[in-house]
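Overview (structure and organization)
These are the residues of each chain, in order.
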Amino acid sequence: MHATRTHFTDRTDAGRRLAALLGHLRGPGTVVVALPRGGVPVAAEVAAALGAPLDICVIRKLGVPYQPELGMGAIGEDGVRVINDQVLRPAGVTPEQLAAVEARERAELERRAHRYRGGRPPVDLRGRTVVVVDDGIATGSTARAACLIVRARGAARVVLAVPVAPPDWTERLSGVADELVCVGTPSPFFAIGEFYADFSQTEDAEVLRRLAAARTGDEAGPAPLGERSAPDGTVPASDATVPASDRELTLPAAGARLTGRLAVPAGARGIVVFAHGSGSGRHSPRNRHVAGALNRSGLATFLFDLLTEDEEEDRRNVFDVALLGARLTDVARALPAEQARRDGGPFLPLGLFGASTGAAAALWTAARLGHGVGAVVSRGGRPDLAGADALGAVLAPTLLIVGGRDEAVIDLNRRARERLRCESELAVVPHAGHLFEEPGTLDRVAELARDWFAGHLVPRAP
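Heads up: these notes are all about the structure in this document. Owing to the predicted nature of the structure, the values given are computational and were not obtained by experimental measurement. (Residues numbered from 1 in each chain as written. Predicted model: local features only at pLDDT ≥ 70, side-chain atom pairs only at ≥ 80, totals over all residues. Heavy atoms only, no water.)

Among the secondary structure elements, tryptophan 364 is positioned in helix α11 (residues 357-369). By relative accessible area, which is 15% here, tryptophan 364 ends up buried. Separated by 19 residues in the primary sequence, tryptophan 364 and proline 383 place their C-alpha atoms 9.0 Å from one another. (Helix = DSSP H or I, 4+ residues; strand = E, 2+ residues; numbered from the N terminus. Buried < 20%, exposed > 50% of the residue type's maximum accessible area, 1.4 Å probe, protein only.)

Laid out in structure tokens, this is it:
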């Protein structure tokens, strides 16, 4: 497989592209087994294309305690346990820490297996070709555990198939599967999510729906957001983290009309506007990842482009903080009232999340709106570009997040913080570079942002 950059729209797109490579497996002796949760939408497309039954193999990654996205091993049904010593030893995890993580994940594994199967027995794999599918491979621990499980259940042939994996994945996993299939093996490879435009978390409700559709032969594509509700119009408890409203919204701002994506979960208690200086705020996979975490915590988000496509071609605009700030200010003034009018809800407190030069625009805006902004978070940003006067006028509590390996930007953020007179913190994420591409680092950004906004966004009058 060539080391090319491979990108997927979402897991459904990835599943369809993966299925195109698996046509030789079509036949009555084939079963598709998915790794919940993210592997289920991918596997549903593969199963539909092959005309094969769809089942699950519940696996839980054992994450390093201080970096949960980095897998030190995995556990699975039937007592399967896989430990990755190449991760465990350098991480310095003690036997006690490993045991605690394993106990917690074992309880979650049993809960999910019971919920997903609903009392139904697993599909009989004896003597059959089993295609094990996930949404991607990072360390390979969970995939290894899944292959061991299906082999123990009697599979005659095991095929491990994924949309994306590191270039050396065949060296890691050739011993556990008879065939390895992958759409792309890009290099460099830091995290599975960087190769998806939409890598939002797959919820239990979608897993159950996909499995039910596969059993009945119904279309397994994702239901539109507007259809994910109970007969009385409420959001089902199992789907409570899915935004109740998700739509495009265009607002006038400083000589332009800017389009963004507004996602409002049921009972939202605040709204966060994302600002990215390069103009890619609406499509940035990193911003979308963080926004998804905020949505799941009950915060609305608005991801929009500060620059038009034509303006973005002139790189000078990326550093024009006055232009970026003026546009963000106009959007920040208009959005809470517009959202309240459209959704018929309360006037939500406002937060700003800035990345790159968008961080300077966020602080520039916070200085002008005073108490109209409840909190500001910067990710790998350039707050120094807001200028000393603006920094000194900011009233909103401000969190500056920087990667531990991004030394030059750490220094710039420290200098900017010295000029802030509001409540502020500098959070350095260990082992992270400027783009937070290392495993688990972007999740840490999301956690820090979520906690900061949750602690500082409080209801206010229009």
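Past the structure itself, the notes keep going.
Bringing the pattern of salt bridges into the picture now. Enumeration over the complete set of coordinates arrives at 21 salt bridges. Between glutamate 108 and arginine 111 there is a salt bridge, with the nearest N and O atoms lying 2.8 Å from each other. Of this pair, glutamate 108 and arginine 111 both sit in helix α4 (residues 95-117), separated by three residues, roughly a single helical turn. The residue arginine 126 makes a salt bridge to aspartate 124 at a minimum N-O spacing of 2.9 Å. Judged by its relative accessible area of 60%, arginine 126 is exposed. (Salt bridge = Lys/Arg side-chain N within 4 Å of Asp/Glu carboxyl O.)

Running from N to C, helix α1 (residues 11-19) and helix α2 (residues 39-50) point in directions that differ by 40 degrees, and their axes come no closer than 7 Å. At the point where α1 passes α2, the crossing takes the right-handed sense. Between α1 and α2, the contacting residues are Arg11, Thr12, Ala14, Gly15, Arg16, Leu18 and Ala19 on the first element and Pro41, Val42, Glu45, Val46 and Ala49 on the second. For the contact of α1 with α2, the class distribution of residues is seven nonpolar, two polar and three charged. (Axes fitted to C-alpha atoms, helices over the stretch in contact; angles between N-to-C directions. Left-handed = near helix turned anticlockwise from the far one by under 90°. Contact = heavy atoms within 4.5 Å. Nonpolar A, V, L, I, M, F, W, Y, C, P; charged D, E, K, R; others polar.)

Taken across its six residues, strand β15 (residues 398-403) has six buried, putting it largely inside the fold. Neither face of β15 is open: one carries Thr398, Leu400 and Val402, the other Leu399, Ile401 and Gly403, and all of them are buried. One ladder, built from four bridges, connects strand β14 (residues 375-379) with β15; its direction is parallel. Note that in β15 the partner of valine 376 across the bridge is threonine 398. (Pairing = 2+ DSSP bridges.)

The next point concerns the sheet that holds strand β6 (residues 129-133). The strand order across the open sheet built from five strands is β2-β1-β6-β7-β8, with neighbouring strands paired in parallel fashion. Two strands in the sheet have a free side with no partner beyond their single neighbour: β2 (54-56) and β8 (179-184). Along the sheet, successive strands turn relative to each other by an average axial angle of 25 degrees, direction set aside. Relative to β2, strand β1 (residues 30-34) runs parallel, the two being bridged by three bridges. Considered in β2, the bridge of alanine 34 is made with isoleucine 56.

This brings us to the environment of phenylalanine 453. As for its position among the elements, phenylalanine 453 is in helix α14 (residues 441-456). When its relative accessible area of 0% is taken as the criterion, phenylalanine 453 is described as buried. Between the alpha carbons of phenylalanine 453 and isoleucine 271 there is a distance of 9.3 Å; along the sequence they are 182 residues apart. Not counting residues within four places of it along the chain, the set of residues in contact with phenylalanine 453 comprises Val272, Leu294, Leu299, Gly351, Leu352, Phe353, Ala375, Val376 and Val377.

It is worth spelling out the packing of helix α8 (residues 285-296) against α14 at this point. For the pair α8 and α14, interaxial distance at closest approach is 9 Å and the crossing angle is 45 degrees. It follows that α8 is oblique to α14 by the angle criterion. α8 and α14 meet at a crossing whose hand is right-handed. Packed against α8, whose contacting residues are Arg286, His289, Val290, Ala293 and Leu294, the element α14 presents Leu442, Asp443, Val445, Ala446, Ala449, Arg450 and Phe453 at the interface. Residues belonging to the contact of α8 with α14 are distributed by class as follows: eight nonpolar, one polar and three charged. (Parallel < 35°, antiparallel > 145°, perpendicular 65-115°, else oblique.)

On to α4. Along its 23 residues, α4 runs 32 Å from first to last C-alpha, staying within 8% of the 33 Å computed at 1.5 Å per residue. What α4 keeps buried is the set Leu98, Val101, Glu102, Glu105, Leu109, Arg112, Ala113, Tyr116 and Arg117. With its phi angle positive at about 55 degrees, glycine 118 sits one or two positions after the end of α4. (Expected span 1.5 Å × (residues − 1).)

Under the counting rule described, the total for this entry stands at five aromatic pairs. Following the ring pairs from residue to residue traces out a cluster consisting of Phe8, Tyr196 and Phe199. Geometry around phenylalanine 199 places arginine 11 over its ring, the cationic atom sitting 4.3 Å from the centre. Just above the ring of tryptophan 364 sits the side chain of arginine 368; from NZ or CZ to the centre is 3.4 Å. (Phe/Tyr/Trp six-rings, centres within 6.5 Å; stacked < 30°, edge-to-face > 60°. Lys NZ or Arg CZ within 6 Å of the ring centre and 35° of its normal.)

Purely spatial values, then, with no claim about function.
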